[in-house]
Amino acid sequence: MYGKKGKPTSESQRYRMHVKAGDTVQIITGKEKGKVGEILKTYPKVSKVIVKGVNIRTKHVKPQQEGESGKILTFEAPIHSSNVMHYSEKEKIASRVCYTFSEDGRKLRQLKKTGEIIDQ
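What counts and how
- Residues numbered from 1 in each chain as written.
- Predicted model: local features only at pLDDT ≥ 70, side-chain atom pairs only at ≥ 80, totals over all residues.
- Heavy atoms only, no water.
- Core = buried A, V, L, I, M, F, W, Y, C linked by side-chain atoms within 4.5 Å.
- Buried < 20%, exposed > 50% of the residue type's maximum accessible area, 1.4 Å probe, protein only.
- Helix = DSSP H or I, 4+ residues; strand = E, 2+ residues; numbered from the N terminus.
- Contact = heavy atoms within 4.5 Å.
- Pairing = 2+ DSSP bridges.
- Salt bridge = Lys/Arg side-chain N within 4 Å of Asp/Glu carboxyl O.
- Phe/Tyr/Trp six-rings, centres within 6.5 Å; stacked < 30°, edge-to-face > 60°.
- Lys NZ or Arg CZ within 6 Å of the ring centre and 35° of its normal.

Visitor: Is there a simple way to think about the nonpolar core in this case?
Guide: Most often, soluble globular proteins keep nonpolar side chains buried together rather than apart. Counting 10 residues, the largest nonpolar core is built from Met-17, Val-19, Val-25, Ile-27, Ile-39, Val-49, Val-51, Val-54, Ile-79 and Val-84. Counting residues per element, the ones that place at least two in this core are β1 (24-27) and β3 (48-51). In this view, Ile-39 contacts Val-19, Lys-20, Ala-21, Gly-22, Asp-23, Val-25, Val-49, Ile-50 and Val-51; residues no more than four positions away in its chain are not counted.

Visitor: Looking at this model, I keep getting lost on the pairing of β3. Mind explaining?
Guide: Residues in a regular strand point their side chains to alternate faces of the sheet. With four bridges connecting them, strand β2 (residues 36-43) and β3 associate as antiparallel partners. Bridged to Thr-42 within β3 is Val-49. A loop of four residues connects β2 with β3, the two strands running antiparallel in sequence, and Ser-47 in this loop sits at a positive phi of about 60 degrees.

Visitor: Is there a simple way to explain the pattern of salt bridges in this structure?
Guide: Where charged atoms from two side chains of opposite charge come close, those side chains can pair. Applying the stated criterion across every chain yields a total of four salt bridges. Glu-32 is paired through a salt bridge with Lys-35; the nearest N and O atoms lie 2.7 Å apart. We classify Glu-32 as buried; its relative accessible area is 13%. The class for Lys-35 is partly exposed, based on a relative accessible area of 38%. Ionic pairing is found between Lys-92 and Glu-89, a salt bridge with its closest N-O pair at 3.7 Å. Using a relative accessible area of 42% as the deciding quantity, one classes Glu-89 as partly exposed.

Visitor: Would you explain the sheet that holds β3 in this entry?
Guide: Within a beta sheet, neighbouring strands are joined by backbone hydrogen bonds and run either parallel or antiparallel to one another. The six strands are arranged β6-β3-β2-β1-β7-β8 in an open sheet whose pairing can be described as antiparallel. With one partner strand each, in any of the chains shown, β6 (79-80) and β8 (93-95) form the two edges of the open sheet.

Visitor: Would you mind going over the packing of aromatic side chains with me for this structure?
Guide: Given two aromatic rings, one states the distance between the centres and the angle between the planes to describe the pair. Under the defined criterion, the tally for this structure stands at zero aromatic pairs. Its end group placed over the ring of Tyr-99, Lys-107 keeps NZ or CZ at 4.7 Å from the ring centre.

As structure tokens, this is what we get:
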């Protein structure tokens, strides 16, 4: 992190993202546009997420020992969090998120278009 005049600072910065692991999202831009999946992992420092079944990559792995054969691995690569939007399974529509409070005072995430509560 850099402070005034480009000098490095030691204090850490808190990052916030609009999605969490376990949320259902729709891809809104890029070659995977329109696909729907669940967020498996988030990387808040670089603002990226891994979505199940989206942005599949293949990696060719050399054999490590003699007599072993090589492998072709497939895995989900991270995409930027700005390219995903919360998705309502009931209404089949993507929506932004707003925040409301429950009766017991907990802060809840709610879809703007449908009014559906995301947090349980």
